[in-house]
Amino acid sequence: MYMTKKKIVWFEEVSKDDVGLVGGKGANLGEMTNADLPIPYGFVVTSHAYFQFIKEANLLGKIKQTLSIINYENSTEIEQASEHIRDLIIKSPIPHNLAHEIVEFYEELNSKENEYIEKRFSIFHHTFNKLKNLYDEPTVAVRSSATAEDLPDASFAGQQETYLNIKGDAYLLKKVKECWASLFTARAIYYRQTKGFDHFKVGLAAVVQRMVQSDKSGIAFSIDPVTNDKKKIVIEAVYGLGEYIVQGMVTPDHYEVDKNTIVIVKKQSAYQNVKFVRSGRGNKEVKLNRKDGSKQKLTENEIREVALLVKDIENHYYFPQDIEWAIEKGRVFIVQSRPITTVETIINSDDHMAGKGHDLIVAGAPASPGIGVGHATIIHSPKEISKIKQGDILVAPQTNPDYVPAMKKAGAIVTEKGGRTSHAAIVSRELGIPAVVGAEDATKKIKNDMVISVNGTTGEVFKGSIMDQKLKDQIAEAKIEDKTHIKTLTKVYANLAEPEIADKTAKLDVDGIGLLRAEFMIAEIGTHPREFIKQKQEKLFVNKLTSNLEKFAKSFSPRPIVYRATDFKTNEYRNLKGGKLYEPHEENPMIGFRGAARYIADPQVFSMELDAIQNIWNKGYSNLHLMIPFVRVPWEMVRIRDIVRDHGLLNNKGFKLWMMVEVPAAAIMLEEFIDLGIDGVSIGTNDLTMMLLGVDRDSSEVANVYDERHPAVISVLEHIVETCTRRGITCSICGQAASDYPEIVETLVRKGITSVSVNPDAIHRTRVLIHDIEKKIHKK
């Protein structure tokens, strides 16, 4: 309660759970600071301070009145309303006590940062330099952090402002107020309106962070942002401050790194004609000659260092991340991280072949997949966005968030500058609009009103329409995949973890959930289950888990859901609040105290999960079933079955008890497990492959050996399916292999597997694949 009322907090005082107080950006900076990642230090003027300012300045009624009369389809009206509201905010004084507190924190920044470095990084002097003069006024960046920013269902990329090289208390106060005013830029107002956010429930915190005077900077994604390839890390880099890559002012270098091995698989240098650098108390643009601007921006060591940090951050959050980074004097800093909001099903068509035989006008980098055909409209600034009519192809020197109202109408987007990781590219993908960026001289080579085709999958722009009937049919099929059911004998299930995407996934052509991971929901609860028991608050834990499970049960009913009981390893459980009190230190947690062994040793925690499942059945949903992970020997399954029976779950008509087969011993002894009365089996290829090949896929030293297609792995997979088929029980596969390797799916379908569970982005292509395989089988 105390924290929620604080007006200013240091980074280490907050975590990812404090979005309502410090916004998405502030919460993530606090989370990463506490994870000992290299974050430039700072503090946050919280949303509580913003709301206090709005209240004491009597601005709420005036802002509401202005927004109530806007026609949101008229960009001129939005711009005029924005100017009026921002003027009201900037002309209103900050309350004296609040202004005094901001200045106090600013004056303490140097000493607090030194204290933080000494405490956290005393053995890493090569990574962090202590500040030489405690009495120098620090140079800071002031960054907006909206309380609805970077949420899983919307990217607020670039919707508010960032101010660089701020020095002096008076200048800082001015920029904090401008930061608050940026909540009402035209693009922010429009974006909130289209996303359904309440303008007055979205607050704004101001992040005040030591300024990194970056020699090089950029953006990185922990998955490929265009193809959603989870095995790649994508890095884009420029010289100077990062604002030019964010705004799409320059075309960055593009690097791709294999996530498992950290091997650089692609390096693509781009000519950078200008860079943005600090100059006195401001910033300036510096021209680069062709020789300097064409050099590779990052060394191979720097690429690998950034990639390793990206991997660490994704592992910390258990979710793909969009990361801004900077290099100052050879040291890599993380400026911010947020969840990628555009992990969508990619259109599965012959986009890569589309356009062959047609006249190529320009080519650039693919920024958002798909194909768009329409009349080109060239605009050179956001002031011209009213020229864009529904379905036009927007062609511009660069895209930035000011273009969002026009982008929403466009059939596709082409820009001369910018990279695949620019904010504009992110928004394009979120809107589902094909986009090509970095297409040099596009505004000269493409003429107004010319009919053009934009292939956002390949980065090519063609003259005329490339949409022959076959391609139109393929794209139409892909776009309505959630409405058209392709019949297959083999069920296609989804692997899911997040309640927020249950509804969306349920609308796809999917037969149920074959793997509902508990870990994400437990991590969201945030506290070790044992701590709830200690505090005699078991019902609170059970109710929270029940609430999340009900979202899945309701969305998918009556389709089956297979809930995998919690499979946290000890090192992962230790990260939860109170976890260090209950979890032993293990040298090798992957084969340690986890899965079935944990439920037997600690039945109280397991009982809370079972209570939540029973609650779902009591609410009238009969589609939620249980799967036990990491079972080593048959007697474990006997004990587990007894615990489940004692909770009454086996009395529910239609309830199924499955086990995962991921330990080689369980695969070899599968007949004995089936004799115990299990209803189904799901193959966890990730752990099974690691243990069969004796390799840690997360170790860069040996990860190149890890391959689910290894003959030894395929042989065991075939044995499992054949055994289940012979004994007449359900058999599924839910590991990553099913999503990544069609050849494995084909092998198992031919052997008689009853279902395949894949990531949401692979549902449609897996359904089509299985349909084609089954057609071949039944023709014979």
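Everything quoted here is computed from the prediction, not taken from an experiment. (Residues numbered from 1 in each chain as written. Predicted model: local features only at pLDDT ≥ 70, side-chain atom pairs only at ≥ 80, totals over all residues. Heavy atoms only, no water.)

Engineer: Just checking my understanding: could you explain the overall build of the protein for this structure?
Structural biologist: What the protein contains, in helices and strands, is 29 helices and 29 strands. For the protein, with 780 residues in total, the buried portion stands at 59%. Sequence separation of 24 or more characterises 69% of the internal contacts of the protein that already satisfy a separation of 6 or more. (Helix = DSSP H or I, 4+ residues; strand = E, 2+ residues; numbered from the N terminus. Buried < 20%, exposed > 50% of the residue type's maximum accessible area, 1.4 Å probe, protein only. Contact = heavy atoms within 4.5 Å.)

Engineer: Any chance you could explain the packing of aromatic side chains here in plain terms?
Structural biologist: Aromatic ring pairs: the centre-centre distance and the angle between the two ring planes describe each pair. Evaluated as defined, the whole model comprises twelve aromatic pairs. We note Arg594 situated over the ring of Phe630; from NZ or CZ to the ring centre the distance is 3.8 Å. (Phe/Tyr/Trp six-rings, centres within 6.5 Å; stacked < 30°, edge-to-face > 60°. Lys NZ or Arg CZ within 6 Å of the ring centre and 35° of its normal.)

Engineer: So what exactly am I meant to see when it comes to the sheet that holds strand β9 (residues 264-268) here?
Structural biologist: Sheets are built from strands paired through backbone hydrogen bonds, the pairs being either parallel or antiparallel. Strand order in the open sheet made by the six strands is β9-β8-β7-β6-β12-β13, with antiparallel pairing throughout. Looking at the sheet topology across the chains shown, the edges are occupied by β9 and β13 (331-339). Neighbouring strand axes in the sheet, compared pairwise and without regard to direction, differ in orientation by 20° on average. Of the pairings in the sheet, the one linking strand β6 (residues 216-221) to strand β7 (residues 232-239) comprises six bridges and is antiparallel in character. Looking at β7, one finds that Lys216 is bridged to Tyr239. (Pairing = 2+ DSSP bridges. Axes fitted to C-alpha atoms, helices over the stretch in contact; angles between N-to-C directions.)

Engineer: Even after reading the chapter, I still don't get the sheet that holds strand β19 (residues 435-437), so can you show me in this structure?
Structural biologist: Sheet architecture is open: eight strands sit in the order β14-β21-β20-β16-β17-β18-β19-β15, paired in mixed fashion. Whereas interior strands pair on both sides, the edge strands pair on one side only; in this sheet they are β14 (360-363) and β15 (365-368). Mean inter-strand twist for the sheet, computed between neighbouring axes without regard to direction, equals 30°. One ladder, built from four bridges, connects strand β20 (residues 451-455) with strand β21 (residues 460-463); its direction is antiparallel. From the neighbouring strand, Val454 faces β21, where its bridge partner is Val461.

Engineer: I would appreciate a short explanation of unusual backbone geometry in the present structure.
Structural biologist: Across the chain, the bulk of peptide bonds are trans and the bulk of non-glycine residues have phi less than zero. Of note, the bond from Ser557 into Pro558 is cis; its omega dihedral lies within 30 degrees of zero at 5°. Tracing the backbone shows Pro558 in the loop between α18 (538-556) and β24 (561-564). Non-glycine residue Asn165 carries a positive phi angle of around 55°. Tracing the sequence through the fold places Asn165 in strand β4 (residues 162-166). Positive phi is not limited to glycine here, since Lys536 has a value of about 55°. Judged by relative accessible area, which is 72%, Lys536 ranks as exposed.

Engineer: What should I look at first to understand the nonpolar core in this one?
Structural biologist: The tendency in soluble globular proteins is for nonpolar side chains to be buried side by side. Core analysis: the largest hydrophobic core is formed by 94 residues, its most contacted members being Leu549, Tyr563, Phe606, Ile613, Leu626, Ile628 and Ile720. For this core, the element with the highest residue contribution is helix α21 (residues 603-618), accounting for eight residues. When residues no more than four places from it in sequence are discounted, the contact partners of Phe606 are Ala565, Tyr599, Leu626, Ile628, Ile640, Ile643 and Val644. Judged by nonpolar contacts, the second largest core, of 67 residues, contains Tyr106, Leu172, Ala186 and Val404. (Core = buried A, V, L, I, M, F, W, Y, C linked by side-chain atoms within 4.5 Å.)

Engineer: Which parts of the structure should I look at to understand the packing of helix α26 (residues 711-727) against helix α28 (residues 742-751)?
Structural biologist: Helix packing geometry: the angle between the two helix axes and the distance between the axes. In the contact formed by α26 and α28, the axes pass within 9 Å of each other and the chain directions differ by 30°. Our classification of the angle between α26 and α28 gives roughly parallel. At the point where α26 passes α28, the crossing takes the right-handed sense. Each of Ile714, Leu717, Glu718, Val721, Glu722 and Thr725 in α26 lies in contact with α28, whose residues at this interface are Ile744, Thr747, Leu748 and Lys751. Grouping the constituent residues of the contact of α26 with α28 by class yields five nonpolar, two polar and three charged. (Parallel < 35°, antiparallel > 145°, perpendicular 65-115°, else oblique. Left-handed = near helix turned anticlockwise from the far one by under 90°. Nonpolar A, V, L, I, M, F, W, Y, C, P; charged D, E, K, R; others polar.)

Engineer: I would appreciate a short explanation of helix α7 (residues 186-195) in the present structure.
Structural biologist: An α-helix turns once per 3.6 residues; consequently, residues spaced three or four apart project the same way. Burial analysis of α7 places seven of its ten residues in the buried class, the great majority of the element. Listed as buried for α7 are Ala186, Arg187, Ala188, Ile189, Tyr190, Tyr191 and Arg192. Directly beyond the C-terminal end of α7, a positive phi value near 80° is found at Gly196.

Engineer: Would you mind showing me how to read the side chain of Asp509 here?
Structural biologist: With respect to the helices and strands, Asp509 occurs in the loop between α15 (502-506) and β23 (513-517). At a separation of 3.0 Å, a polar atom in the side chain of Asp509 contacts the main-chain amide nitrogen of Ile486. (Polar contact = N/O pair within 3.5 Å; in protein donor to acceptor, adjacent residues only side chain to side chain.)

Engineer: Any chance you could explain the pattern of salt bridges here in plain terms?
Structural biologist: Any two side chains of opposite charge can pair, given that their charged atoms come close. One pass over the full model with this rule turns up 36 salt bridges. The shortest N-O distance in the salt bridge between Lys6 and Glu13 comes to 2.8 Å. By relative accessible area, which is 28% here, Glu13 ends up partly exposed. Across the salt bridge formed by Arg727 and Asp675, the nearest N and O atoms sit 2.8 Å from each other. With Arg727 in helix α26 and Asp675 in helix α24 (residues 670-675), this residue pair connects regions lying 52 residues apart in the sequence. Its relative accessible area of 32% is what places Arg727 among the partly exposed residues. The class for Asp675 is exposed, based on a relative accessible area of 54%. (Salt bridge = Lys/Arg side-chain N within 4 Å of Asp/Glu carboxyl O.)

Everything listed here is a matter of coordinates, which is why it stays silent on function.
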